[in-house]
Amino acid sequence: MSIGVFSEGARAAQPTATISLDQTEQEAKVGPGEDGIVKFTGKVEAQMIGPGSNVQIIIVTLDADAVWPTSISPTTMSFTAEDSGPTNFEVIVRVPNYTSASISEELIVGGTVQTKPGGMTYRIAPVQGIITIKPYTMISLSSEEPYQEGTRDESLVYDLGIKNDGNCPTQVDINISDYEGLEDKGWQINIPTEEITIAEGGYETVRIRFDIPPYAPLDTYGAGVEVTAHAGNNLTDHGTYDLIIELVKEKKTEEIEDDDDNGVNPEDEPEPDESLTISHIRVEPKEPFQSSDVKVFSVIRSHYKIYNARVNYWFTNSTSSSAQMKRSGTEYYANLGRFRDGVTLFYNITAMDAGANVVSSQARSLKVGAASQEEKVVEDKSIPGPGPFVILTAITFATVIYGSKKR
C-alpha cells in the first residue's frame with residue numbers, strides 16, 4: 001500500500017475581489033432646467049490568495065442597479081498576477097425631473113469574478129450608495145378675475161390661486177407692490193399677513209381686497225402681488241401677478257343677450273361699429289415648461305354678445321391649430337396643453353361678436369422651457385395662412401347675416 005502526499009504549493013489558489021465606492025451618498029438636482037444626473041465613482045481590487053496557482057487572468061464583470069436608469073463603465077476589467085492594482089469605475093444614474101424631495105433610493109454595485117484558465121466563477125460582495133433628491137421651490141399664480149371694474153366707495157375682492165409646483169412643502173409670504181401709490185391716495189389694500197404653508201403639489205387661494213376711496217379719479221389702476229416661497233436652506237422662488245382695476249363712474253352692463261336670435265335683431269340688422277376689442281393678453285405660467293399646461297388669457301369686450309373667440313397657435317414652418325376660449329369672470333381663456341422644452345410657440349387671438357365685428361390680435365411668441373424670457377409681438381407676416389378658425393368665422397358670419405335677411 002502506498003500513500004500519496006501532495007505538497008502545500010500544489011493546491012490551487014483562490015481568486016478574491018472587492019468593490020468600494022468613493023461616495024456613500026449623492027444628491028440629484030431635478031428642478032426645471034436640471035439634468036437629474038448623479039455620478040458615483042469607485043474601484044475594484046482583485047488578486048489570487050494562496051500558493052500554487054496556474055490562473056493567468058482574473059476577469060471582473062460589474063453591474064449596477066437602482067430604481068432609475070443606471071449605467072456603469074467599464075463593465076468588464078481584467079487583472080493579472082503581475083498587475084493586480086485597483087481599477088476605477090464610474091456609475092451614472094439619471095433621476096427624472098420633478099422627483100419628490102421626500103424620496104431617497106439605493107444604488108447597488110456588484111459583480112462576478114471569473115478565472116482563466118480554470119473557469120472558476122463567483123459573486124462579489126455588493127456595495128451600496130444612497131441617492132437623495134435636492135429640494136427646489138417653484139410656484140405659479142392665477143386668478144379667474146384679475147381685471148375688474150369698480151366704482152368709487154366700493155370694495156373689490158380678488159381671489160389669487162397659488163400652486164406649489166416644487167418638490168417639497170413650502171411657505172409663502174404675500175406682499176403688494178403698490179407701484180401707483182394707491183395707499184398714499186387713500187386706498188385700503190388688505191392682504192393675508194400670516195405665512196401660508198402649501199404642501200408639495202398643493203394649491204391655496206388667498207383673498208385680496210381693495211377699498212376704493214370716494215374721491216378717486218376715474219382711471220385704470222394696477223397693483224402687483226408679490227409672492228415669495230421658501231423652504232429653508234435658501235430655497236426660494238418669487239412670483240408676481242398683476243391685478244387691474246378699472247375705476248368707472250358706472251359699471252357697464254353685460255353684452256346684449258337675445259333669447260333665440262343668436263344676437264341678431266331681425267328688425268335692425270347690426271352694422272360693424274369697431275366696438276370689439278382684445279386686450280390684456282397674458283400667458284400662465286409666465287415661464288412655462290414642458291410639465292405645465294400653457295393657458296392664454298385675454299379681456300374681450302364689445303357692445304354686442306361675444307359670438308366666438310379662439311386662440312390660434314403654431315410653430316415655425318407649421319400650420320396653425322386653434323383652441324376655443326371660455327369665459328371666466330371678465331376674461332376669456334384657452335388651455336393649449338403642454339409643449340416640449342425648447343420650442344418657440346406663436347399665437348394670436350381672433351374674436352367675433354353678434355354685431356358683425358371680427359378682430360384679431362397681433363401674433364406673439366413664447367419660448368417653452370426658458371427660465372427667463374420676454375414675450376414678443378411678431379410681425380403679421382409671421383402668421384400662417386387661413387386656419388380652421390378663419391374658415392369657421394366666415395361660415396358663422398354668413399349664417400348670421402343670411403338668417404337676418406331671411407327674416
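Here we summarise the structure given alongside this text. (Residues numbered from 1 in each chain as written. Predicted model: local features only at pLDDT ≥ 70, side-chain atom pairs only at ≥ 80, totals over all residues. Heavy atoms only, no water.)

Looking at the overall build of the chain
Right, so step 1: Counting its regular elements, the chain contains one helix and 28 strands.
Right, so step 2: Counting only residues that meet the buried cut, the chain has 41% of its 407 residues in that class.
Right, so step 3: The contacts in the chain between residues at least 6 apart in sequence include a share of 70% that link residues at least 24 apart.
Right, so step 4: Surface accessibility of the chain: about 22100 Å² in total, with carbon and sulfur atoms responsible for 47%. (Helix = DSSP H or I, 4+ residues; strand = E, 2+ residues; numbered from the N terminus. Buried < 20%, exposed > 50% of the residue type's maximum accessible area, 1.4 Å probe, protein only. Contact = heavy atoms within 4.5 Å. Areas by Shrake-Rupley, 256 points an atom, 1.4 Å probe, with all protein chains shown as cover.)

Digging into the sheet that holds strand E12 (residues 155-164)
Right, so step 1: Taken in spatial order, the four strands line up as E10-E12-E16-E14 in an open sheet, and their pairing is antiparallel. Each of the sheet's edge strands pairs with one partner strand only, and the pair in question is strand E10 (139-142) and strand E14 (188-190). Between one strand axis and the next, the sheet turns by 20° as a mean value, whatever way the strands run.
Right, so step 2: As judged from the nine bridges shared by E12 and strand E16 (residues 203-211), these two strands associate in the antiparallel manner. Within E16, the residue paired with Asp 159 across the bridge is Arg 207. (Pairing = 2+ DSSP bridges. Axes fitted to C-alpha atoms, helices over the stretch in contact; angles between N-to-C directions.)

With respect to the sheet that holds strand E17 (residues 220-230)
Right, so step 1: Pairing within the open sheet is mixed, and its five strands lie in the order E11-E18-E17-E13-E15. The sheet terminates laterally at strand E11 (147-150) and strand E15 (196-198), the two strands that pair on one side only. Pairs of neighbouring strands in the sheet enclose a mean axial angle of 30°, with direction left out of account.
Right, so step 2: Here seven bridges tie strand E13 (residues 170-177) to E17, and the two strands are oriented antiparallel to one another. Looking at the pairing, Gln 171 lines up with His 230 of E17.

Observations regarding unusual backbone geometry
Right, so step 1: Residues Ser 73 and Pro 74 are joined by a peptide bond in cis, for which omega reads -5°.
Right, so step 2: Assignment of secondary structure puts Pro 74 in the loop between strand E5 (70-73) and strand E6 (76-80).
Right, so step 3: Going from Glu 284 to Pro 285, the amide bond is cis rather than trans, its omega being -10°.
Right, so step 4: At Ala 356, a position not held by glycine, the phi torsion is positive, near 70°.
Right, so step 5: Relative to the assigned elements, Ala 356 resides in the loop between strand E25 (344-353) and strand E26 (358-360).

Things to note about the environment of Ala 216
Right, so step 1: Note on placement: Ala 216 falls in the loop between E16 and E17.
Right, so step 2: Sequence separation between Ala 216 and Asp 153 is 63 residues, and the spatial gap between their C-alpha atoms is 8.6 Å.
Right, so step 3: Setting aside its immediate chain neighbours within four residues, Ala 216 contacts Arg 152, Trp 187, Tyr 221 and Leu 247.

Concerning the nonpolar core
Right, so step 1: In this structure, Val 60, Phe 89, Val 109 and Ile 131 are the most contacted members of the largest nonpolar core, which totals 30 residues.
Right, so step 2: If near-sequence neighbours (up to four positions away) are discounted, Val 109 is found in contact with Ile 19, Leu 21, Asp 63, Ala 64, Ile 72, Phe 89, Val 91, Pro 126 and Val 127.
Right, so step 3: Of all hydrophobic cores here, the second largest spans 28 residues; its members include Leu 160, Ile 174, Ile 196 and Ile 212. (Core = buried A, V, L, I, M, F, W, Y, C linked by side-chain atoms within 4.5 Å.)

Focus on the side chain of Ser 302
Right, so step 1: Checked against the element boundaries, Ser 302 lands in the loop between strand E20 (294-301) and strand E21 (306-314).
Right, so step 2: Overall, the relative accessible area of 13% leaves Ser 302 in the buried class.
Right, so step 3: Engagement of the side chain of Ser 302 in a polar contact is seen with the backbone nitrogen of Tyr 304, the distance being 3.0 Å.
Right, so step 4: Engagement of the side chain of Ser 302 in a polar contact is seen with the side chain of Asp 353, the distance being 2.5 Å. (Polar contact = N/O pair within 3.5 Å; in protein donor to acceptor, adjacent residues only side chain to side chain.)

A closer look at the packing of aromatic side chains
Right, so step 1: One pass over the structure, following the stated rule, counts six aromatic pairs.
Right, so step 2: Centre to centre, the rings of Phe 297 and Tyr 333 are 5.6 Å apart; their planes meet at 25°, and the pair counts as stacked. A residue pair is termed long-range when its members are at least 10 positions apart, and Phe 297 in strand E20 and Tyr 333 in strand E24 (residues 331-337) qualify at 36 residues.
Right, so step 3: For Phe 297, a relative accessible area of 8% gives the class buried.
Right, so step 4: Taken together, the ring pairs connect Tyr 313, Phe 315 and Phe 339 into an aromatic cluster.
Right, so step 5: The aromatic ring of Phe 297 is capped on one face by Arg 282, whose charged end is 4.2 Å from the ring centroid. (Phe/Tyr/Trp six-rings, centres within 6.5 Å; stacked < 30°, edge-to-face > 60°. Lys NZ or Arg CZ within 6 Å of the ring centre and 35° of its normal.)

Structural notes on the pairing of E13
Right, so step 1: Of the two faces of E13, only one is covered, namely that formed by Thr 170, Val 172, Ile 174 and Ile 176; the face formed by Gln 171, Asp 173, Asn 175 and Ser 177 stays uncovered.
Right, so step 2: Note: E13 against E15, three bridges, orientation antiparallel. By the bridge assignment for E15, Thr 170 is matched with Ile 198.

Points about the environment of Thr 87
Right, so step 1: In this structure, Thr 87 sits in strand E7 (residues 87-94).
Right, so step 2: Sequence separation between Thr 87 and Gly 42 is 45 residues; the distance between their C-alpha atoms is 8.5 Å.

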